[in-house]
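# Observations on the three-dimensional arrangement
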Amino acid sequence: MDASLPPGLLDALAARLGPRGVSADPADLVPLSTDWRGLFRGRAALLLRPASTEDCAEAVRLCAEAGLAIVPQGGNTSMVGGAVPDASGRQAILSLVRMNRIRALDPLDMTMVAEAGVVLKTAQEAAASAGCLFPLSLGAEGSATIGGVISTNAGGNTTIRYGTARDLLLGLEVVLADGSVIHGLRRLRKDNTGYALRHLFAGAEGTLGIVTAAVLRLFPAPRSEATAFAAVPDEAAALALFRRFREADEGALRAFEYMSGEGVGLVLRHIPGTALPLAAPPGHACLVDLATSRRDADLPAFLEATLAEALAAGEVTDAAIAASAAQRAAMWRLREEHSEAQKREGASVKNDVSVPVSAVPDLIRRAREALSALVPGSRPVAFGHIGDGNIHLNLVQPEGADPAAFLARSEEIMGAVNAIVRDLGGSFSAEHGIGRLKGAMLAEWRGGAELAAMRAIKAALDPKGVLNPGVLLPRGDSAGACC
Ligand SMILES: Cc1cc2nc3c(=O)[nH]c(=O)nc-3n(C[C@H](O)[C@H](O)[C@H](O)COP(=O)(O)OP(=O)(O)OC[C@H]3O[C@@H](n4cnc5c(N)ncnc54)[C@H](O)[C@@H]3O)c2cc1C
């Protein structure tokens, strides 16, 4: 803990939050001060763990009064270092993990009211146990929280069908920077009463308010599912296969993921229990995932027939269809373990970019060529949500290279990819957000009136710069004294 912590603050927080609600113990602070990728190692002044909205509001009010900045944290799975403090020792982590109740679930309204600390997988399971579906799904769903996915406007695997976290959000309860609370947990499908504030907090990365609970949209649970893992000759064929399924029955398509052969190879090498369902390693692969709640659907037959058409058209060279839930899960692991496998292989520089869907093959091809030329021996790995035009274009270090020396070239590597993305009319951050990593890019790409509007919103809602200074808006852009 920093010796300069304002006098009386610790006692006041402890009196309000109780012994489980406040810690200055390095054993608690240190693990939560490093991000999932290990890129940012901060130093926190305190850890705050409120158990209720009222306690959260009071903690924020006390910190704001004392001039102590707050970093909201959920599962700490941010890919851009958004949930960890800086190195100043003058920021408190406010973790929502103790606010983990599902307050209500209504299968007629098709809504769920979940607190911010509910883990995404728990929310999915709660919906399923009521015969419903909460469709948001991503690789970190066993750790990521409802507050985190809303605050990053997370995308993930099912965006092509259900949209991003923002699209699943009906109402929001938020603690503002002065400790006041917006009680917006309305379960309404239609509510045109002024600015849609909930959409402002979605994707704000904890810079405008602390999400304490949300009303989430549910859907009918699927009655039938079918999944295939297909080898395709190239990126253009992957897109052609996506188009074929979309045209055949867009309503059945739940997810459609692209993987380069390099990425699949790393998963098979590093993740125990994974196996290729095809005869030979693919140069490129797609995961086709279908689901419907219709009673009359025969998805396995539809999947097989459509794949047969694609095979005849040369879009697919080999394919396996899951014959059981276990086989479906095994196919999904080949996709979901991409990030973990790359981590085990060594250092990697990540680019989470989007372009118009039609430009994806061009993007992957051009980026691969540019990166291979820039860092000889490095290994470009492309994978992701091709149907959204969102590809993770990662570069894994050359075998045996010094990880630190490789990572020192991160800006150059990201710059090379971003130049292509810009040329194709895309975005430098499709779903991971800005965090501590990409503030300078935000200023460069969204400068002028767009950045000025963001600054004005920040200054209006958090004039003292209490909430997550240094995240999203680049340093110097947050108003106030806390940063
Ligand atoms: C293996 C892996 C796979 C991933 N796959 C995807 C993917 O497919 N799609 C995708 O979009 N992301 C993906 N991510 C990124 C990450 O999981 C998401 O950004 C997720 O939404 C973060 O949730 P979290 O609870 O861990 O939030 P954290 O990492 O704790 O926080 C993320 C940001 O939100 C803020 N925040 C957290 N909780 C609150 C709150 N209650 N109120 C206000 N602000 C808050 C934090 O300050 C921070 O800025 C992946 C990450 C990993 C490690």
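### Some points on the overall build of the protein chain
For the protein chain, the count of helices and strands is 17 helices and 19 strands. Whereas a compact globule of 483 residues would reach a radius of gyration of roughly 23 Å, the protein chain reaches 23 Å, a difference of no more than 12%. Taking the principal axes of its C-alpha atoms as reference, the protein chain extends roughly 75 × 55 × 45 Å. Looking at the 483 residues of the protein chain, the share that counts as buried comes to 52%. In the protein chain, 72% of the contacts between residues at least 6 apart in sequence involve partners at least 24 apart.

### Focus: unusual backbone geometry
Note: most peptide bonds trans; most residues except glycine with negative phi. A positive phi angle is found at Met110, which is not glycine, with a value near 60°. Tracing the chain through its elements places Met110 in the loop between strand E5 (102-106) and strand E6 (111-115).

### Observations regarding the pairing of strand E14 (residues 284-292)
Buried residues dominate E14, accounting for nine of its nine residues. The two faces of E14 match: His284, Cys286, Val288, Leu290 and Thr292 on one face and Ala285, Leu287, Asp289 and Ala291 on the other face are all buried. In terms of strand pairing, strand E12 (residues 224-232) meets E14 through nine bridges, oriented antiparallel. Its bridge partner being in E14, Ala231 is matched across the sheet by Ala285.

### Describing the domain arrangement of the protein chain
You'll often see interface size given as the accessible area lost when the parts meet. Annotation of the protein chain at the domain level lists domain 1 (9-98), domain 2 (102-220), domain 3 (224-338) and domain 4 (346-423). In this structure, domain 1 and domain 4 have C-alpha centres spaced 33 Å apart.

### Concerning the nonpolar core
One finds Leu48, Val60, Ala92 and Ala214 to be the most contacted residues of the largest nonpolar core, which totals 74 residues. Per element, the largest residue contribution to this core is seven residues, and it comes from helix H3 (residues 53-66). When residues of this core are sorted by domain, at least three fall in each of domain 1 (9-98) and domain 2 (102-220). Residues contacting Ala214, with those up to four places away along its chain left out, are Ala114, Ile146, Ile150, Leu169, Gly171 and Leu172. Of all hydrophobic cores here, the second largest spans 63 residues; its members include Cys286, Ala319, Met331 and Val421.

### Focus: the site of the ligand
Close contacts around the ligand come from 38 residues, with Gly74, Gly82, Gly147, Gly148 and Gly206 the closest. Among the secondary structure elements, those contributing two or more residues to the shell around the ligand are strand E3 (69-73), helix H5 (146-151) and strand E10 (210-217). The greatest single-element share of the shell around the ligand, amounting to four residues, is contributed by H5. In the shell around the ligand, the residues fall into 15 nonpolar, 21 polar and two charged. Per-domain counts for the shell around the ligand show at least three residues from each of domain 1 (9-98) and domain 2 (102-220).

### Quick word on the environment of Leu13
Looking at where Leu13 falls in the secondary structure, it is placed in helix H1 (residues 9-17). Given 24 C-beta atoms within a 10 Å radius, Leu13 is considered buried. In this structure the C-alpha to C-alpha distance between Leu13 and Ala440, which are 427 residues apart in sequence, comes to 35 Å.

### Here's the deal with the environment of Gly470
Following the sequence through the fold, Gly470 ends up in the segment after helix H17 (449-461). Note on Gly470: 25 C-beta atoms within 10 Å, which makes it buried. Sequence spacing of Gly470 and Ala305 is 165 residues, and the spatial spacing of their C-alpha atoms is 52 Å.

### As for the sheet that holds strand E4 (residues 91-95)
Hydrogen bonds between backbone groups are what pair the strands of a sheet, and the pairing can be parallel or antiparallel. Overall, mixed pairing links the four strands, which are arranged E1-E2-E4-E3 in an open sheet. Edge positions in the open sheet fall to strand E1 (22-23) and E3, since each of these has one partner strand only.

### Considerations on the pairing of strand E8 (residues 169-175)
Among the seven residues of E8, six are classified as buried, and the element is accordingly described as predominantly covered. Direction of pairing for E8 relative to strand E9 (residues 181-184): antiparallel, over a ladder of four bridges. Counterpart to Val174 in the pairing with E9 is Ile182. Linkage of E8 to E9, two consecutive antiparallel strands, is achieved through a turn of five residues, within which Gly179 is found at a positive phi near 90°.

### A closer look at helix H4 (residues 120-129)
Buried residues of H4: Leu120, Ala123 and Ala127, and no others. Projected down its long axis, H4 carries its buried residues within an arc of 60°, all on one side. Exposed residues on H4 whose side chains face more than 90 degrees from its buried face are Glu125, Ala128 and Ser129. The secondary structure elements touched by the buried residues of H4 are E6, strand E7 (132-133) and H5. Directly beyond the C-terminal end of H4, a positive phi value near 75° is found at Gly131.

### Remarks on the packing of helix H8 (residues 235-249) against helix H13 (residues 360-374)
Two quantities define a packed helix pair, namely the angle between the axes and the distance from one axis to the other. Where H8 contacts H13, the two axes come as close as 8 Å, and the packing angle between them is 160°. Compared by their axis directions, H8 and H13 come out roughly antiparallel. Along this stretch, H8 crosses H13, giving a crossing that reads as right-handed. Across the interface between the two elements, Glu235, Ala236 and Leu239 from H8 touch Val360, Pro361, Ile364 and Arg365 from H13.

Cut-offs and rules
- Residues numbered from 1 in each chain as written.
- Predicted model: local features only at pLDDT ≥ 70, side-chain atom pairs only at ≥ 80, totals over all residues.
- Helix = DSSP H or I, 4+ residues; strand = E, 2+ residues; numbered from the N terminus.
- Rg over C-alpha atoms; globule rule 2.2 N^0.38 Å.
- Buried ≥ 20, exposed ≤ 12 C-beta atoms within 10 Å, placed from the backbone.
- Contact = placed C-beta atoms within 7 Å.
- Pairing = 2+ DSSP bridges.
- Domains from an automatic or database assignment.
- Core = buried A, V, L, I, M, F, W, Y, C linked by C-beta atoms within 7 Å.
- Near = placed C-beta within 6 Å.
- Nonpolar A, V, L, I, M, F, W, Y, C, P; charged D, E, K, R; others polar.
- Arc of directions from axis to C-beta.
- Axes fitted to C-alpha atoms, helices over the stretch in contact; angles between N-to-C directions.
- Parallel < 35°, antiparallel > 145°, perpendicular 65-115°, else oblique.
- Left-handed = near helix turned anticlockwise from the far one by under 90°.

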